[in-house]
Each structure stands twice: as C-alpha cells, then as structure tokens.
Amino acid sequence: MKHAITKKVDLNNGDYLMEVEAPNVAEKFQPGNFVILMTREKGERIPMSVQKAEDGKVSLFIKRLGKTSKELDRYKVGDSFFQVIGPLGIAPEMKKYGNVAFCSDLVCGHAENYAFCKGLSEIEGNNVISIQTFPSEGDIYPESELTEHLCDEFYLTTVDGSKGRKGHYLDIVKELLEERKIDYIFAGGDLSKLRDLGELTKPYLIPTIITVRQIMIDGTGMCGSCRVFVDGEMKLTCIDGPMFDVHKLNFEDILHRVGMYKGEECKAMTAFEKQ
Amino acid sequence: MEKINKVSVPMREQSPSERIKNFKSVPLGYSEEEAKTEAQRCLQCPDPVCEAECPVSIKIKDMIKEIGDGNFKEAFLIAKRDNPVPAIAGRVCPQEDQCEGVCTMKNIGDPINIGKLEAFIADWAMENKVTEEINIKDKKEKVAIVGSGPAGISCAADLRKLGYQVSLFEALHKAGGVLQYGIPAFRLPKEIVEEELSCLEDMGVDIQLNRIVGQNVTCDALMDDYDAVFIGTGAGAPKFLGIKGEKLMGAYSANEFLIRTNLMKSYKFPEYDTPIIVGDKVAVIGAGNVAMDAARCAIREGAKEVYIVYRRTINEAPARNEEIHHAIEEGIKMLELVNPVEILGNEDGWVSGLELQKMKLGEEDSSGRPRPVPIENSNYRMEFDTVIEALGTIPNRLFLSKTTYLKKDPRDRILVEHNLVTNIQNVYAGGDAVRGNATVILALGDGRKAAASIHKYLGEKANAQTIF
Ligand SMILES: Cc1cc2nc3c(=O)[nH]c(=O)nc-3n(C[C@H](O)[C@H](O)[C@H](O)COP(=O)(O)OP(=O)(O)OC[C@H]3O[C@@H](n4cnc5c(N)ncnc54)[C@H](O)[C@@H]3O)c2cc1C
Ligand code: FES
C-alpha cells in the first residue's frame, strides 16, 4: 500500500506537520496509540505520535532532528512513504475523568495533547485542561494545531516569557494543584520534565499517566528493546504502553537507554549530509 | 555390485577468514556433478528409515535416486510435493536428529548429505526456472492465516492449492517469520526466502503485511469474515534472565540483535538506516541456534572476540551441529559451565562485563541432559562490552491478550487436538505458537496438517449444507 503525503505544513522552525494516507490506521486509531513509519524500504521503523486520524489519513508532528527526521523532511506533498504501521500500543479509555489535564512541551507531546483533548472533550463530565509549553514566541504552533479550540481551559507558556505565561507547564500544574482538585493528569514530551511532573503530583496522589519514548523496532512485543521497568517489573513500551503511571517508573533507566544510539545517529547524519 | 562410497562429498564453503567479513552464504552449494556423486552413495534401502524421520514425509529415497540419475526436475518435484519450501528446509533442518541421523550409511561411514541434496535440488530449480505446475480450482470458502512463518506459509500453500481463498496476515513489513527476521543470511540467503514466498503470491494467496491481529485487525473479525482461521503466530517474544543489569545500554535480547541485523539490515548501516552497536568483546548467553546465529552475526558486525556463555557443556548444546562447528571455525569461543548472575555496568550506563558463577554437571533432568548445578563461592567477573541474551522465546502476549477465549497451557502455548483444532471449532493452530521453541520443519508439518484438517472441516460443512 502506498502512503501518499497529502499535506505538509511548518509548525515552527524545527517542527512540521505531515498528513499521510493510512486508511487501516485511521480507521482504528484512538488517542494514546502510536504508529511506526518507514520512509523507504531501507529506512528505520520510527515510532511516531499521531495528532489526528480522519478520512483515512493520519497527521503526524515531526521534528527536524536526527538523520531520519532530516531525511523525512525531503518528502513533499505527493510523495509516498513505504509504510505507516499501526495503530500500536494500548490506548487509555476515553471516559469521564472529571478535571483532567494534558501537558506537553515537545512535538510528540503536542500531537498527543491534541488527540487527547479531542477525545476527552467528546465525553460528558470532563473538564479538559490543556497546557502547552514552547521555548519562545517564535516557536508557537499555528492556532489551528494548538489545543485551545478543543479544550475547556487552555494554558500556553513560553520558557522565556515572550508570549503567554512565563515558565513551563510544571509551573501551571503546580498552581492548579494548590488551587483546586485535579482528578487525572496525562502528559507527553521531554522525559526529564515528565519525571519532574511525577515528583510534583505524587504528594497529591493524582494519577499521572505519561507517554514513554523508548527505542523501538517492531512495535509488537518481539524485540524487547523498548523494555522499561514499572514497579521493578519489566514491561514493553510498545504493547504494555506507551503510557505508564509516572509514579511507578524508573526514570534513570529510561533516560539512559533512550540515548543508546546517539553516536550512531551522528555517524548516519554525516553520511547522509555527504550524499 | 558397485563399491560402496563411505565418504560423503564435502560441501565447498567460504573460508572462515573470508566469511566473517560478509553475510553471504557459508556453504557454496553442490555442483551438479557433486550432487550426483553424493546421491549415488545412497543404498536405496528397501525400507527407507530416513523418510520415517522426516516431519513432512518427503520421499527422500526417490528424490535421491532421481538426483543420482541426473533427473533433477523429477527430483525437485518429488521434494516439492511434500515440502513447499525445500530450499529453506535443506538449509535449516536439524538433519542430524532426523533423516541423516538414522541413515543406514551411518553404520559404515558418513550418512548421505540429505539436507544438502534437498537444498541443491531446490536451488537448481530456481536457477533453471523450473516450477511445479499447479491447477487451482477455485472454491468460495475463505481462510485467514495469522503469521507468515513456516507454519503459516505451508498452511497457506496447501489450502490455496485446494482452491480456498487464502489471506495471510503478517504483523511485520516483510513476510517469512523467523526465516526473515531471525535466521541470518549467511545461513539462509534472503533471496531464497523471498523466492519461495513469491510462489505463494503467484498462486493467488493474498499476503497482507503490517496487519497485527489483535491490534489493527481483531481475531473476532477474522472468525466472522472467514470460514476458518489458522494461527501460526510463533513464539517470538524474548525471554530475559531477569538478572540485574538488563537495563544497561549494550544489553540485548537475541531477538533485538537479530531483528536489527537481519530484518533491518543493520550490517549495511548507514546504507540502511537502522544502527546496531557491537562492542569489541561480546558475550552471547545460551547455546541454541539463536545463540549461534547471534554470535556469528556479532563477529561479522565487527566484534573482535565473541563468547558463547553456556551453563552446560557444548556437548549438551541444543544448536544444530553444523552451526556449532561453523561458529568454532569462525573463532567463536565456548565458555562452558558458567551461569551469568549479573550484567555489570559502568558509570555511563553501558555494559562492562558479566559476573559468572561456575557450574558442574549433575544428574539427568527431564530434558534427558545433565542438569547444571551451581558451585558455591565460585563467582568471578569477566569484561564484556556487549551482552546478548539468547535464552529462547515465548509466545507473543499481544496476540494472546486479545484472544483470551483460546485455551492455552501454563506456558501460554495454544492448546490443540491432534488435528490441530483449538477449542474453537473453526480455529486451528500450529508451529511455535503451539509447540514453544521448535523447528522450521515441525512448523511446516503443522501447517500442512492444519490445512488438511481445515479442508476436511470445510468439506464436511459444505456437504452438510447441501444435504439440509
Ligand atoms: C534465530 C533463530 C534461529 C533458528 N534456527 C533454526 C534452525 O536452524 N532450524 C530450525 O529448524 N529451526 C530454527 N529456529 C526455530 C524456527 O525458526 C521456528 O521453530 C519456526 O520458525 C516456527 O515457525 P512458525 O511459523 O510457528 O513461527 P514464526 O516463524 O515465528 O512466524 C510467526 C510469524 O507470525 C507473525 N505474528 C505474530 N503475531 C502476529 C499477529 N498478532 N498478527 C499477525 N502476525 C503475527 C510474526 O511476525 C511472524 O512473522 C530458529 C529460530 C530462531 C529465532
Ligand atoms: S519495540 Fe520490540 S518489543 Fe517493543
């Protein structure tokens, strides 16, 4: 099956959106699922978050970083990808959570934030709070790709304070927690910030479910490369996750393993740029 | 009477020093003359014991006779009749435990190289574009097959030949199961796997890749939309020792190591995008085929020293003899009677070694092999940069968690009756999904057997419908 690219839009200097034909995926996608993308036959199997799945197409948020993403950037509207595989992973139930928040500070997190806000707001009884953090004013995504129009309460922060509230989503969460009862928190993005989020919500005993990025290949539980330890027990991010209870995760392990191929990526990048 | 030739025709191979630099086939294959000479050694026993040992009952005696007479096409058709993938089985079957193990010639000299002859005849047919002629009379019944390993392949081939509309669902982006992602190209060249799979497509089997049953297709949907279902999902999930240090960078499951290498072609990085990191000194834990494959990949991917770390001795190793022999020729060292108790790491989170406990052999256990017994206070440490755990695999949880109505044993193997039907009347299963870690040929045999059962079931169903 060909996966034609039907849309490509810059979100900011570093991130862009791609809409790709993938009817099998779009039909079954639920917020929390992910896909595996292969640009070409010789490509890597790259796990990716999905922002939207509609009309047989999925929209992905992509960062121009690393060799594969750089290579991805060469693809234009009308080109096709070799494979878009999924939906993968377990999707948390879209049900009534009450005061429920989604926090994000990086591309994949922002994509998930969008999917969750849409899913959660369709359910009666949810007060959906969405918090999105960007480094600076120039990095903020176009309005249509932010979550404001999908949620009940929207907070935008910039780390340098050039637009919206100054600071990180962590600062907003802290305020909210002191102010009122939050029932449930989802989050995605920078792993070290997710760890901080866990520290923050733990004393309040608020269930906090985050998306874990781990090295993956098959995405079906066959290779074991995506293993993480939850309460000391080995779990596979691709089939037991990708969303886990932040309070049960061992972050040191996750942060370590994620960086395993950094050196190789640099080598690949050099080779790619020489081409 | 002709003189009996006690010595088999040796297989020409790439030299060890040469082959550790590439992923090309180690055996170079028999020439026509060599194959004939080897085949002519066969005694043509009146009661061919070899055939009784073949899980798919190839007419080995006739096949060898035709090779000996130079009738290669006939020989090929004989092999193909009982085995849809002779080029594969000839290369990976544990012949020493099957046909060759009981060959009468073994009493007086070398057994006939049956596996090599099977591979020869299949390769010959491929080179000479000789194929089986198949006349398919289409039937309307539809059968879904889950998993494209040897079990799924053979089930699909047989059912399609019988005229059924067959769809094959495979989770990965390439078909073939272990043949594709597990067994390395130097043992089983991928062109051969692809060629034998293309026969399926030529026959009209609808191969649907990236279809993960339980995830993007439900098993219930298959049971509703198809008249019968065959489950050949294998046992593809890695087992871990569960010791300290498995989270370290540089610690792999053999599955990950082999999937990167074989499916994703990391050995051609950066032409292919998927990287692999192989340190100078590699330990592979385990001594089955999977361990030998991982060790031999590691040496080809730049490791300077590779050790097989095994808690028994190599005499008890479950790997095929040929693999152990090739591994040793390639400089892989055998560290016997040791059990890893911890993977050691450095401050950056990378593997730095293993802590090992010495073992001795005790009494026989249920597998008929001497049990390894730990020796108290014998722990010591050895430096390694990469540790690969090759402890065997277990059935994939993804499929099972979505099909809880299927009966399983405590080790998650799907339970079947002798005709391979599960507890659901139109659902059949076979291969590693039922047996746990078994072999290619047993999976092939199961696929064929299930096809026959499904044919019988659907035939009876159709008859019942015409009567009422
Ligand atoms: C590295 C290695 C080396 C080996 N060497 C040998 C050897 O030399 N000789 C030998 O005889 N045996 C060998 N074996 C064992 C042999 O490969 C297996 O016994 C055999 O492949 C089992 O066949 P199968 O069809 O049951 O399953 P598999 O070959 O495991 O195929 C199962 C297929 O099902 C797919 N699948 C799983 N779940 C789903 C799902 N939910 N939906 C869709 N598809 C799914 C998988 O992706 C896979 O492609 C080896 C195994 C390994 C791992
Ligand atoms: S990606 Fe292979 S097991 Fe999760």
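Because the structure is predicted, anything quoted here is derived from the model rather than measured. All residue numbers refer to position in the chain's written sequence, counted from 1. Naming scheme: in the order in which they are written, chains are lettered from A and ligands are numbered from 1. Side-chain atom pairs in this predicted model are given and counted only at pLDDT of 80 or more, local residue features only at pLDDT of at least 70, and totals for whole chains, interfaces and linings cover all residues. Processing note: side-chain calculations cover all non-hydrogen atoms of the structure and skip hydrogens and water entirely.

A few points about the overall build of chain B
Spelled out, the test is: Only DSSP runs of H or I covering at least 4 residues are called helices, and only runs of E covering at least 2 are called strands; the numbering of each starts at the N terminus. The size measure is the radius of gyration over C-alpha atoms, and the globule rule it meets is 2.2 Å times the number of residues to the 0.38 power. Exposure classes here rest on a 1.4 Å probe applied to the protein chains alone. A residue is buried below 20% of its type maximum, exposed above 50%, and partly exposed in between.
Along chain B, the regular secondary structure elements total 18 helices and 16 strands. Relative to a compact globule of 468 residues, whose C-alpha radius of gyration would be 23 Å, chain B shows 23 Å and is just as compact. Projected onto its principal axes, the C-alpha positions of chain B cover 75 × 65 × 50 Å. When burial is assessed residue by residue, chain B has 59% of its 468 residues classed as buried.

Examining unusual backbone geometry
With omega at -5°, the peptide bond leading from A:G86 into A:P87 counts as cis. Structurally, the position occupied by A:P87 is in strand β8 (residues 83-88). Geometrically, the link from B:F269 to B:P270 is a cis peptide bond, its omega value of 5° lying close to zero. Along the polypeptide, B:P270 turns up in the loop between α13 (254-263) and β7 (281-285). Positive phi is not limited to glycine here, since A:L205 has a value of about 55°.

Remarks on the domain arrangement of chain B
Residues and elements named next belong to chain B. For the record, the criterion: Each domain's limits were defined by an automated method or a database of domain assignments. In this description, contact between two residues means that some pair of their heavy atoms is separated by no more than 4.5 Å. A simple way to read buried area is as the amount of 1.4 Å-probe accessible surface that goes missing from two parts once joined, with both sides added. Put simply, a salt bridge is a Lys or Arg side-chain nitrogen that is within 4 Å of an Asp or Glu carboxyl oxygen. Ten residues, namely Ala, Val, Leu, Ile, Met, Phe, Trp, Tyr, Cys and Pro, are considered nonpolar, four, namely Asp, Glu, Lys and Arg, are considered charged, and the remaining ones, Gly among them, are considered polar.
In terms of domain boundaries, chain B breaks down into domain 1 (16-127), domain 2 (142-236 + 394-467) and domain 3 (241-391). Each of domain 1 and domain 3 has a C-alpha centre, and these two points are 31 Å apart. At the interface, 14 residues of domain 1 touch 13 residues of domain 3. For the pair domain 1 and domain 3, the summed buried area comes to about 1,200 Å², and 52% of that belongs to carbon and sulfur atoms. Of all residues in domain 1, R19, I20 and F23 bury the most surface against domain 3, accounting for 52% of the area lost on that side. Taken together, the links from domain 1 to domain 3 amount to 3 salt bridges. Salt-bridge contacts for R19 lead to E329; the nearest nitrogen and oxygen are separated by 2.7 Å. Among the secondary structure elements, those contributing two or more residues to the side of domain 1 that touches domain 3 are α1 (16-19) and α6 (86-92). Of the residues belonging to the side of domain 1 that touches domain 3, the class tally is 8 nonpolar, 2 polar and 4 charged.

A closer look at the site of ligand 1
Residues and elements named next belong to chain B. Note the cut-off: What makes a residue near a molecule or strand is one non-hydrogen atom of that residue sitting within 4 Å of it. Each polar contact in these results corresponds to two N or O atoms within 3.5 Å; when the atoms are within protein, one needs to be able to donate a hydrogen and the other to accept it, and residues that are neighboring in sequence are counted only if both atoms are side-chain atoms. The method behind every accessible area is Shrake-Rupley, applied with a 1.4 Å probe, and residues are considered shielded solely by the protein chains displayed.
The environment of ligand 1 is made up of 36 residues, and the closest members are V92, E170, R187, V213 and D432. The backbone of A438 places a nitrogen or oxygen atom 3.2 Å from an oxygen atom of ligand 1. One nitrogen or oxygen atom from the main chain of V440 is found 2.9 Å from an oxygen atom belonging to ligand 1. For ligand 1, whose accessible area on its own is 990 Å², the fraction buried by protein is 96%. Here the shell around ligand 1 gets 3 residues from one element, more than from any other, and that element is helix α14 (residues 289-300). Residues of the shell around ligand 1, tallied by class, amount to 19 nonpolar, 11 polar and 6 charged. Two domains share the shell around ligand 1, each providing at least three of its residues, namely domain 2 (142-236 + 394-467) and domain 3 (241-391).

Section: a nonpolar patch on the surface
Residue and element names in this part refer to chain B. Heads up, the condition is: Each patch groups residues whose relative accessible area exceeds 30% and which form no salt bridge, using 9 Å between like charges and 5 Å between nonpolar side chains of Val, Leu, Ile, Met, Phe, Trp and Tyr.
The grouping of I4, L43 and I108 at the surface amounts to a nonpolar patch, some 210 Å² of accessible area in total. Along the chain, I108 turns up in the loop between α7 (99-102) and α8 (114-127). A residue is classified by how much of its surface remains accessible, and I108, at 41% relative accessible area, is partly exposed.

So, the pattern of salt bridges
Opposite charge on two side chains lets them pair, provided their charged atoms get close. Residue and element names in this part refer to chain B. Across all of its chains, the model carries 47 salt bridges over all chains by this definition. Salt-bridge contacts for D82 lead to K59; the nearest nitrogen and oxygen are separated by 3.5 Å. Highlighted residues: D82 in helix α5 (residues 72-82) and K59 in the loop between α3 (49-53) and α4 (60-68), separated in sequence by 23 residues. Residue K59 is classed as partly exposed on the basis of its relative accessible area of 31%. When the shortest N-O distance is used, the salt bridge between R320 and E322 registers 3.3 Å. Connected via shared salt-bridge partners are E13, R19, K116, R187, D293, R296, R300, R320, E322, E323, E329 and E330.

A look at the sheet that holds strand β8 (residues 305-309) of chain B
Residues and elements named next belong to chain B. Let me state the cut-off plainly: Should DSSP find at least two bridges between two strands, the strands are regarded as paired. Angles run from 0 to 180 degrees between N-to-C directions of axes, and those axes are lines fitted to C-alpha atoms, restricted for helices to the stretch in contact.
Overall, parallel pairing links the 5 strands, which are arranged β6-β14-β7-β8-β9 in an open sheet. A single partner strand is all that each edge strand has here, and the edge strands are β6 (251-253) and β9 (333-335). On average, each strand axis in the sheet is inclined to that of its neighbour by 25°, with strand direction left out of account. Inspection of the sheet shows β7 paired to β8 by 5 bridges, in the parallel sense. Considered in β8, the bridge of V282 is made with V306. Relative to the sheet, α13 contacts β6 and β14 (386-389), its axis offset from that of β6 by approximately 80°.

Here's the deal with the pairing of strand β3 (residues 34-38) of chain A
On any regular strand, side chains alternate: one points to one face of the sheet, the next to the other face. Residues and elements named next belong to chain A. With 5 of 5 residues buried, β3 is to be regarded as a mostly interior element. Side chains F34, I36 and M38 of β3 all project onto a buried face; the interleaved residues V35 and L37 project onto the opposite face, where all are buried too. Judged from the 4 bridges that link them, β3 and strand β4 (residues 46-49) form a sheet pairing that is antiparallel. For F34, the partnering residue across the bridge sits in β4 and is S49. As paired elements, β3 and β8 share 4 bridges and run antiparallel to each other. Among the inter-strand pairings, I36 is bridged to a residue of β8, identified as I85.

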